[in-house]
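Structural overview for review
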Amino acid sequence: MASSRTIPLNGIEMFVREQGEGPLVVLCHGWPELSYSWRHQIPALAAAGFHVAAPDMRGFGQTSAPADVNAYSIFDNVGDIVALVTALGEKQAVVIGHDWGAPVAWHCAMFRPDMFTRVAGLSVPPPFRGRGRPLDLLREAGVTDFYWQYFQEPGVAEAEFERDIDLTMRTVLGRGISETSHLHIRDGKSFLGNLDPDRLLPDWLSEADIGHFTDAYRKSGFHGGLNWYRNLDRNWELTAPWQGAQIHQPSLFIAGSKDSVITGLIGARRVNELERVLPNLKAKIILEGAGHWIQQERPEEVNAALIDFLK
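The following refers to the structure shown. (Residues numbered from 1 in each chain as written. Predicted model: local features only at pLDDT ≥ 70, side-chain atom pairs only at ≥ 80, totals over all residues. Heavy atoms only, no water.)

Describing the overall build of the protein chain
Counting its regular elements, the protein chain contains 15 helices and eight strands. Dimensions of the protein chain, computed from C-alpha atoms along their principal axes, come out at roughly 50 × 45 × 40 Å. The long-range share in the protein chain, meaning contacts at least 24 apart out of those at least 6 apart in sequence, stands at 75%. As displayed, the protein chain has an accessible area near 12,700 Å², and 49% of this comes from carbon and sulfur atoms. Distance between charge centroids for the protein chain: 4 Å, based on 29 positive and 38 negative side chains. (Helix = DSSP H or I, 4+ residues; strand = E, 2+ residues; numbered from the N terminus. Contact = heavy atoms within 4.5 Å. Areas by Shrake-Rupley, 256 points an atom, 1.4 Å probe, with all protein chains shown as cover. Lys, Arg positive; Asp, Glu negative; His and termini not counted. Charge placed at Lys NZ, Arg CZ, Asp CG, Glu CD.)

Listed below in structure tokens is the structure:
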């Protein structure tokens with residue numbers, strides 16, 4: 001049975017769900033998610049013989065949300081996971097991430113190969129550090145309506161998402177971000193305005209699930225998670241020493257064929273070039289017909305792939 005606790009680490013208080021005994025596996029969620037997003041993986045991996053720890057990441061859920069935008073860099077987020085491994089009494093762990101959690105997992109493996117022995121990323125390919133700041137490159141390409149850009153001004157996206165949090169979670173999770181057009185903000189529209197709020201929930205998402213996310217975001221707001229996007233350019237600057245670096249640990253990549261992250265503006269080429277960064281890639285699994293919320297949409301297949309990789 002899973003338990004939870006709050007652990008002081010790296011200058012914040014981190015809420016963590018745990019289950020099982022054995023080698024440590026840390027699960028890092030993305031936006032706008034929570035440790036609850038791993039509800040199908042935690043018991044399955046525990047039953048397979050692992051100590052599973054899934055935190056609410058910095059700025060999310062019951063974990064501290066520092067007010068300073070600069071407190072959400074890739075160094076801060078990797079630092080949290082390093083500190084979590086230590087706080088759990090371990091020297092090594094496997095790290096797995098989805099969405100924004102995937103860059104955290106990839107960078108954990110890149111920055112601390114002594115601590116992170118294996119790494120898996122869901123939906124977001126490993127870091128290909130480009131020739132310039134991400135937001136600069138978008139502008140140079142003539143792109144002005146990408147959702148990364150919409151998220152930059154503090155307070156704008158927060159106001160939209162917090163106006164009706166239940167509707168926000170139904171729209172973003174239930175409708176899903178499965179088409180590239182949904183990642184561009186049309187003239188005069190908001191982020192949610194591009195999506196259809198009236199669709200029925202998919203069969204993998206229950207009213208109770210929506211209620212859990214909604215209750216959590218009513219308490220936390222959205223500012224913490226959105227601050228991750230406000231560090232995109234800063235992360236590029238901070239990771240200059242790792243330009244061209246590879247991740248040599250055994251690695252795994254899983255995504256859905258209908259996920260706009262791997263079919264859109266930035267992701268498709270990266271998926272085709274995974275081995276450039278991951279020379280020890282054990283498998284690249286693209287689940288046909290699946291969208292972005294892969295570990296919630298297709299838990300049995302994701303669990304089987306993760307357990308096979310871990311063992």
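Regarding the pattern of salt bridges
Side chains that differ in sign of charge can pair as their charged atoms come close. Applying the stated criterion to the full structure yields 15 salt bridges. For Arg112, the salt bridge is made with Asp114, and the minimal N-O distance between the two is 2.8 Å. On the basis of relative accessibility, which here comes to 29%, the residue Arg112 falls in the partly exposed class. The exposure class assigned to Asp114 is partly exposed, which follows from its relative accessible area of 44%. Across the salt bridge formed by Glu158 and Arg230, the nearest N and O atoms sit 2.8 Å from each other. Residue Glu158 is located in helix H6 (residues 156-163), and its partner Arg230 is located in the loop between helix H9 (223-229) and helix H10 (232-238); the two are separated by 72 residues in the primary sequence. (Salt bridge = Lys/Arg side-chain N within 4 Å of Asp/Glu carboxyl O. Buried < 20%, exposed > 50% of the residue type's maximum accessible area, 1.4 Å probe, protein only.)

What to know about unusual backbone geometry
Cis geometry is adopted by the peptide bond preceding Pro32, which originates at Trp31 and carries an omega value of -10°. Relative to the elements of secondary structure, Pro32 occurs in the loop between strand E3 (24-28) and helix H1 (41-47). The phi dihedral of Asn10 falls on the positive side, at around 50°, and the residue is not glycine. You can see Asn10 is positioned in the loop between strand E1 (3-9) and strand E2 (12-19). Residue class for Asn10 comes out partly exposed when judged on its relative accessible area of 40%. We note that Ser123 has phi near 80°; this positive angle belongs to a residue other than glycine. Here Ser123 lies in the loop between strand E6 (116-122) and helix H4 (134-140).

Examining the packing of aromatic side chains
Inspection of every chain in the model, using the stated rule, returns 24 aromatic pairs. Between Phe75 and Trp242 the ring centres are 5.9 Å apart and the planes differ by 80°, which places this aromatic pair in the edge-to-face class. Placement of Phe75 in helix H2 (residues 74-87) and of Trp242 in the loop between H10 and strand E7 (251-256) is noted, with a sequence separation of 167 residues between them. Look at Trp242 and you get partly exposed, because its relative accessible area is 27%. Between Tyr150 and Phe151, the ring centres sit 6.1 Å apart and the planes meet at 45°, which makes this aromatic pair tilted. Judged by relative accessible area, which is 0%, Phe151 ranks as buried. (Phe/Tyr/Trp six-rings, centres within 6.5 Å; stacked < 30°, edge-to-face > 60°.)

Focus on the environment of Val302
Turning to its location among the elements, Val302 is positioned in helix H15 (residues 299-310). On the basis of relative accessibility, which here comes to 0%, the residue Val302 falls in the buried class. Sequence spacing of Val302 and His40 is 262 residues, and the spatial spacing of their C-alpha atoms is 9.5 Å. Beyond its immediate stretch of four places on either side in the chain, Val302 contacts Gln41, Leu122, Ile254, Leu287, Ile294 and Gln295.

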